[in-house]
Amino acid sequence: MKFITLENITEGLLTARDIESASGQRLVAKGTVLTRPLINSLKRHNINNVYIEDDSEQNEFTEEEIMFAEEMCRAGVAERFLVRPADPMMETIFKTALRIEAREHLKRKR
Amino acid sequence: MSTLNAKDNIAKLFSRVDDLKTLPAVVLQINNLLRKEAVSIEEVSNTIEKDAALTARVLKLSNSSYYGLSYKVNSPASAIAILGFDTIRNLAVTISLTKSFNKPGKSAFNVKEVWLHGLGCAVAAKALACKSRDLGLQEKAFIGGIIHDIGKLLIFENMPAEMDRIMEMSSFDRTVDYGEIEKDVLGFTHADVGAYVAEKWLFPPELTGTIKYHHRPELNKEDREIACAVHAGNEIAKALCLGKSTFEKARNMNPRIWKELDLTEDDLSGIIPQIKMDFDVILNSLNLA
């Protein structure tokens, strides 16, 4: 899944999540193909970015491989942080950075 | 030391330098043009086209997957028409400064890695500003990221002995605030230098405060959204190891920053991998990979 800007987006991509207006009204359902008229309509609703499906990385490694690589990389990624993550947002940053590092590690091994 | 003394000391720093060589004339010209009430695409594109190497790089970056255009642009004028003045100005700045700072590191202070960290912060700050209702904010956040640590690079280039001392003191205890060490040694911080330079180089005025307070965005009363984007971009660039910001490590951030940027954990899970991918694309486009 990728979070990308609507500015100059290519037509034909699939939404990965429901898209809602600022008031919470669902505008587009998950799994909808983004056509040009739909993209323009979203822009008129002041939607600037959307989640789209991105299959490029999904099947590259198994979950088991990734988890093993995460354990290998955990200490190195933790070194990048001054102290342990103190709240859910910092925890998310840590976990996502770890996952990215694990994938890079697996790619380098290939 | 008072603010007045800090400004005096920074002015003295720059009076010792023959030329502020890092920002080429063409970028100053573009910044000058963009300050006018009405500027034409032709005026800006003519300025870029005076520099063939810059033109080639601007087009290469404009056509990279970072901008995701569904058709190629083949002139600065069409790049400006599609991507906007601010984006093209930011590309010109990025390319020009990369030329200045893409050097191998010999001392503990690695110029290239610090510059790459600035690039990483720029990409991250722009992505984190994605929910702003101010359409121009993302590009301002990008340029804020590019120049937020430029003070470190200028201090290193012009006061290397002092920079060595700062690096040494900072390596003893990494919990001590880097800015406090700078104030001890220099009487000013890299953030002060960056803010001074942003003004001198004619960048949008809201960037001055953003850079001055990029470690303490809560002190920036006027442009809080962009200050939070650059602050968060700085920490995420460290978490992802996009370049290296001297010895500084990623710090926990005030949760209010995420409220200001209107970002949730879910948003971050989607944005952070995108930041890494975008950074890699730009590195390849600038031949820095």
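In this report, the structure presented in the accompanying data block is examined. The model shown is predicted, which means the values in this text are computed figures rather than measured ones. Each residue is numbered by its place in its chain's sequence as written, counting from 1. Numbering of ligands from 1 and lettering of chains from A proceed in the order in which they are written. Where local features are concerned, this predicted model is filtered to residues with pLDDT of at least 70; where side-chain atom pairs are given and counted, the filter is 80 or more; whole-chain, interface and lining totals use all residues. Side-chain numbers here rest on the full set of heavy atoms in the structure, without hydrogens or water.

1. Notes on the overall build of chain A
Right, so step 1: In DSSP terms, a helix is any run of H or I states spanning at least four residues, a strand is any run of E spanning at least two, and both are numbered starting from the N terminus. Across its full length, chain A carries 3 helices and 4 strands.
Right, so step 2: Computation of the radius of gyration draws on C-alpha atoms alone. For the globule rule, the value is 2.2 Å times the number of residues to the power 0.38. For chain A, whose C-alpha radius of gyration is 18 Å, the value lies well above the compact-globule estimate of 13 Å for 110 residues.
Right, so step 3: Seen through its C-alpha atoms, chain A measures out along the principal axes to roughly 45 × 35 × 20 Å.
Right, so step 4: Partly exposed residues are those whose accessible area sits between 20% and 50% of the maximum for their type, while under 20% is buried and over 50% is exposed, using a 1.4 Å probe and protein chains only. Counting the 110 residues in chain A, one finds 38% classified as buried.
Right, so step 5: Areas reported here follow the Shrake-Rupley algorithm with a probe of radius 1.4 Å; residue values treat only the protein chains shown as occluding. Surface accessibility of chain A: about 6500 Å² in total, with carbon and sulfur atoms responsible for 50%.
Right, so step 6: When charges are tallied, Lys and Arg are placed among the positive residues and Asp and Glu among the negative ones, while His and the ends of the chain are skipped. Lys charges are placed at NZ, Arg charges at CZ, Asp charges at CG and Glu charges at CD. In chain A, 17 positive and 19 negative side-chain charges are present, and the distance between their average locations comes to 2 Å.

2. Focus on unusual backbone geometry
Right, so step 1: Even without glycine at this site, B:Leu202 takes up a positive phi of about 65°.
Right, so step 2: For B:Leu202, the position within the fold is in the loop between helix H12 (190-200) and helix H13 (206-212).

3. As for the interface of chain A and chain B
Many structure descriptions define interface size as the accessible area lost when the parts assemble.
Right, so step 1: On the side of chain B, 36 residues touch chain A, which itself brings 28 residues to the contact.
Right, so step 2: By definition, a salt bridge exists where a carboxyl oxygen of Asp or Glu is found within 4 Å of a side-chain nitrogen of Lys or Arg. Linking chain A to chain B there are 3 salt bridges.
Right, so step 3: Distance and chemistry together define a polar contact, namely a pair of N or O atoms within 3.5 Å, with one atom able to donate a hydrogen and the other to accept it when in protein, and with adjacent residues in sequence counting only for side-chain atoms on both sides. Counting every contact that joins chain A to chain B gives 9 residue pairs in polar contact (both at pLDDT 80 or more).
Right, so step 4: Put simply, the parts of the chain that give the side of chain A that touches chain B at least two residues each are strand S1 (2-5), strand S4 (49-52) and helix H3 (88-109) of chain A.
Right, so step 5: The element contributing the most residues to the side of chain A that touches chain B is H3(A), with 9 residues.
Right, so step 6: Residue polarity follows a fixed list, in which Ala, Val, Leu, Ile, Met, Phe, Trp, Tyr, Cys and Pro are nonpolar, Asp, Glu, Lys and Arg are charged, and the others, Gly among them, are polar. A per-class count over the side of chain A that touches chain B returns 15 nonpolar, 6 polar and 7 charged. We call two residues contacting when some pair of their heavy atoms lies within 4.5 Å.

4. Examining the environment of A:Ser21
All names here are of chain A.
Right, so step 1: In this structure, Ser-21 sits in the loop between strand S2 (19-20) and strand S3 (26-28).
Right, so step 2: Since its relative accessible area comes to 11%, Ser-21 is described here as buried.
Right, so step 3: When the C-alpha atoms of Ser-21 and Leu-42 are compared, they prove to be 8.7 Å apart, with 21 residues separating the residues in sequence.
Right, so step 4: Residues contacting Ser-21, with those up to four places away along its chain left out, are Leu-27 and Ile-47.

5. Side note on helix H2 (residues 25-34) of chain B
For the α-helix, the turn length of 3.6 residues means that residues three or four positions removed from each other point alike.
All names here are of chain B.
Right, so step 1: Regarding H2, the residues found buried are Val-26, Val-27, Ile-30, Asn-31 and Leu-33. Considered in projection along H2, the buried side chains sweep an arc of 160° and stay on one side of the axis.
Right, so step 2: Buried positions along H2 lie against helix H3 (41-49), helix H4 (52-62) and helix H6 (85-101). The arc refers to the directions leading from the helix axis to the C-beta atoms.

6. Some remarks on the packing of H4(B) against H6(B)
All names here are of chain B.
Right, so step 1: All axes are obtained by fitting lines to C-alpha atoms, using only the stretch in contact for helices, and the reported angles, taken between N-to-C directions, cover 0 to 180 degrees. Close contact between H4 and H6 brings their axes to 10 Å; oriented N to C, the two are set at 120°. Relative to H6, H4 is oriented oblique. The way H4 lies across H6 gives a crossing that is right-handed. On H6, the residues that touch Leu-54, Arg-57, Val-58, Leu-61 and Ser-62 of H4 are Ile-88, Leu-91, Ala-92, Ile-95 and Ser-96.
Right, so step 2: Here the residues of the contact of H4 with H6 sort into 7 nonpolar, 2 polar and 1 charged. Orientation labels follow simple angle bins: below 35 degrees gives roughly parallel, above 145 gives roughly antiparallel, 65 to 115 gives roughly perpendicular, and whatever is left gives oblique. Crossing handedness is defined as follows: a turn of the near helix away from the far one that is anticlockwise and smaller than a right angle gives a left-handed crossing, while the clockwise case is right-handed.

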